[in-house]
Every structure is written in structure tokens, then in C-alpha cells.
Amino acid sequence: MTVPIRILQIGDTHWAREPIAPGIDSLARFDSLCDWIASIKDPIDFIMHTGDWVHRGQLANDSGHSTRCAWKRLSLLGIPVLTAVGNHDHRHALRECLTESLPKDWKLHALDSDLERLAYWFTLANESFLVLDARASQQIDPRGEICPRQLAALEELLADTSRTWTVFMHYPPINLDCDWIDRTMLIENGEHLHALLASHANRIRGVFFGHIHRPVCCMKQSVLYASTGSATMHFPNLPGDAQALMQSDPIAFANYISISQLGALVKTQWTMLSK
Ligand SMILES: [Fe+2]
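The following paragraphs examine the structure supplied in this document. (Residues numbered from 1 in each chain as written. Predicted model: local features only at pLDDT ≥ 70, side-chain atom pairs only at ≥ 80, totals over all residues.)

## Let's talk about the pairing of strand E2 (residues 46-49)
The pairing of strand E1 (residues 5-10) with E2 spans four bridges and is parallel. The partner of Leu-8 across the bridge, within E2, is Ile-47. Taking the sense of rotation as the criterion, the β-α-β connection linking E1, helix H1 (residues 26-39) and E2 turns out right-handed. Here E2 runs beside strand E3 (residues 81-83); their pairing, made up of three bridges, is parallel. Its bridge partner being in E3, Ile-47 is matched across the sheet by Val-81. You can see the chain leave E2, run along helix H2 (residues 65-75) and come back into E3, and the turn it takes is right-handed. (Pairing = 2+ DSSP bridges. Helix = DSSP H or I, 4+ residues; strand = E, 2+ residues; numbered from the N terminus. Right-handed = clockwise from strand over helix to strand, strands pointing away.)

Here you go:
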């Protein structure tokens, strides 16, 4: 058996210089998260941040400085960093950080899309990894949408039966049995995306997302979906929960994901934060 590819999925760090809410110092929590990752002795082939690096990166007047500060801090760990784009992110700054820090021998292939979205794929060993960008317009935020060109490009990629895929994105594409999440947080054409993935389910290792700030997992028509919890704040997700309440519990989540020909193994990890 070949050695699995080990990925640490983190997300929704919402880095900011000032506390983003009472009791939530996201900069200090990000530092704690990085220190904790540094203490993990087991192999990590790459870190995948599934979006919302920063808290205000989506605003027109954001310079991208916060994004670069957070990326630099995480990169100091010496592990390759990859990313999906969240609804709070500065897409251009993320693209620059990704391009500048990628190991020289890693080759990312752009996925055709509208609006220069940060959608790409790459291979490691015999596994293929795909990152989708569902960040659409401010009008539908915090929902997302996969543009038609991205869907068409994905359909073409999946037609190659020699490849197996692990997929990352920020937004959940499927219903999660929670009132406010299903109303306000999903990919608008997520069922279209799911149908496409389900038609190739035997070659989809898993679909990993963030945005909802808590770890959940489900199997839908043989496609595994799993989210990572936030390292900064958490949201309620039970069926009757009607709105997004920031929960400041001092816990940082991450998923330690192993990908091999046996499929995907997801071990949700967490650490207690000091602030
Ligand atoms: Fe978030």
C-alpha cells in the first residue's frame, strides 16, 4: 500500500488586528493555532485553508495587508499552504500569497471560470486535488455560486476516468438540516454540483468545506462531505437554530485528512485556546 497523503484542513480564522467581538481575539487565536500545528509531529503534506482567512478582506477598501500577515505567519511553519476563497477574503491577495509561497516543483492548473476566480487543481503522487471558488457577488453573500464555466471545466476533468479527486471549497453545497444555514449559507447551485460529483462518486475521495464554523460530516449518494470547525468562533447548527450567533468557546478545530486508494480518513482535532 502506498503512503497516504496527509492534509491538515483549517479554516474560518477571521484574522483581524482588533477583537472581532467581545472575547474573540482572532489574531491571538490564530497565533495559538499556528503554535499548535507546529507541535504536531505527524506528517502533513500540505495545509489547506478552506477560506475566511481574515475578517474584512472582502471590503473594497481592504488593502490585502491582513491577508498577507496571516499567510506569512502560517507559512513560517514550513509546510506548503494552499487555499480556497471565502466570502470574507481578499481574492487577489490570496492569489499572490499562493503563487509566491508554493514549492517550486508544485504545478497548479487553473480551472476555467468567470471573474478570475481562484479555482485550480494539482496532483500529488497519484491523487488529484481540486479547489473550487464559489465566491460570487455581494448580492448573494454569504451564499455562493459555482459559475457555469467552472462547472463545465469540472465536468471535463471528471470525464478522465484515470483520476481520483479530493475537492475543497469554502461553502457547503448541500443542505445540512439547519434552518439558518440552509437558508443563507449554501452554494445556490450546489445540488447541480452535487449531481455532477455523485455521477463520479467512485472516484471522489471526499468534499471538504468550511463556512459553517463547526465540524460536520455526511455521506450523500456515496459522496463524503466534511467541514472543518473554525479556529476562532463557532456557530450553532442544530435543525431549529434560526440564526448565526457567534460562540466564543476557546477551541480551535482542524481536520487531519489521510487520502489514499482506500479513500479518505478524517480525524477531527482540536486544541484549547488561551484567549
Ligand atoms: Fe467564516
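There is more to say after this.
## What to know about the sheet that holds strand E11 (residues 251-260)
Spatial strand order, E3-E2-E1-E11-E12: five strands in an open sheet with mixed pairing. Each edge of the sheet is formed by a strand with only one pairing partner; in this case those strands are E3 and strand E12 (263-272). Ignoring which end each strand starts from, the neighbouring axes of this sheet average 25° apart. Across the face of the sheet, H1 comes into contact with E1, E11 and E12 while running at roughly 40° to E11. (Axes fitted to C-alpha atoms, helices over the stretch in contact; angles between N-to-C directions. Contact = placed C-beta atoms within 7 Å.)

## Section: the sheet that holds strand E9 (residues 217-220)
Taken together, the seven strands give an open sheet; going across it, the order is E4-E5-E6-E7-E8-E10-E9, and neighbouring strands pair in mixed fashion. On the outer flanks of this sheet lie strand E4 (109-110) and E9, each paired with one strand and no other. In terms of strand pairing, E4 meets strand E5 (residues 120-124) through two bridges, oriented antiparallel. Its bridge partner lying in E5, Ala-110 is registered against Tyr-120. Sitting on the sheet, helix H6 (residues 190-198) touches strand E8 (204-209), E9 and strand E10 (223-227), and the angle it makes with E10 is about 130°.

## So, the nonpolar core
Val-131, Leu-132, Val-167, Met-169 and Val-207 are the most contacted members of the largest nonpolar core, which totals 69 residues. The contacts of Val-167, once residues within four sequence positions are left out, are Leu-130, Leu-132, Ile-204, Val-207 and Phe-208. (Core = buried A, V, L, I, M, F, W, Y, C linked by C-beta atoms within 7 Å. Buried ≥ 20, exposed ≤ 12 C-beta atoms within 10 Å, placed from the backbone.)

## Thoughts on unusual backbone geometry
Of note, the amide linkage connecting Asp-141 to Pro-142 takes the cis form, showing an omega dihedral of 10°. Relative to the assigned elements, Pro-142 resides in the loop between strand E6 (127-131) and helix H4 (148-158). Look at His-14: it is not a glycine, yet its phi comes out positive at around 50°. Relative to the elements of secondary structure, His-14 occurs in the loop between E1 and H1. The exposure class assigned to His-14 is buried, which follows from the 28 C-beta atoms found within 10 Å. Even without a glycine there, the phi angle at His-211 is positive, about 75°. Tracing the sequence through the fold places His-211 in the loop between E8 and E9.

## What about the environment of Val-54?
The residue Val-54 is located in the loop between E2 and H2 in this model. Classification of Val-54 by C-beta neighbours within 10 Å gives buried; the count is 29. For the pair formed by Val-54 and Arg-68, sequence separation is 14 residues and the distance between their alpha carbons is 9.7 Å. Discounting residues that sit within four places of it in the chain, Val-54 has contacts with His-14, Trp-15, Ala-16, Ser-66, Thr-67, Ala-70, His-88, Asp-89 and His-90.

## Details of the environment of Arg-117
By secondary structure assignment, the location of Arg-117 is in the loop between E4 and E5. With 20 residues separating them along the chain, Arg-117 and Cys-97 place their C-alpha atoms 15 Å apart. The contact partners of Arg-117, leaving out residues within four places of it in the chain, are Asp-133, Arg-135, Cys-147 and Gln-150.

## Describing the environment of Ala-70
With respect to the helices and strands, Ala-70 occurs in helix H2. For the pair Ala-70 and Gly-206, spaced 136 residues apart in sequence, the C-alpha to C-alpha distance is 27 Å. In this structure Ala-70 touches Thr-13, Trp-15, Phe-30, Trp-53 and Val-54, once residues within four positions along its chain are discounted.

## What to know about the packing of H2 against helix H3 (residues 91-101)
Angle between the axes and distance between the axes are the two parameters that describe a pair of packed helices. Relative to each other, H2 and H3 sit at 30°, their axes nearing to 9 Å. With respect to their mutual orientation, H2 and H3 come out roughly parallel. Once H2 is placed against H3, the crossing between them reads as right-handed. Residue-level contacts link Thr-67, Arg-68, Trp-71 and Ser-75 of H2 to Ala-93, Leu-94, Cys-97 and Ser-101 of H3. Tallied by class, the residues present in the contact of H2 with H3 amount to four nonpolar, three polar and one charged. (Parallel < 35°, antiparallel > 145°, perpendicular 65-115°, else oblique. Left-handed = near helix turned anticlockwise from the far one by under 90°. Nonpolar A, V, L, I, M, F, W, Y, C, P; charged D, E, K, R; others polar.)

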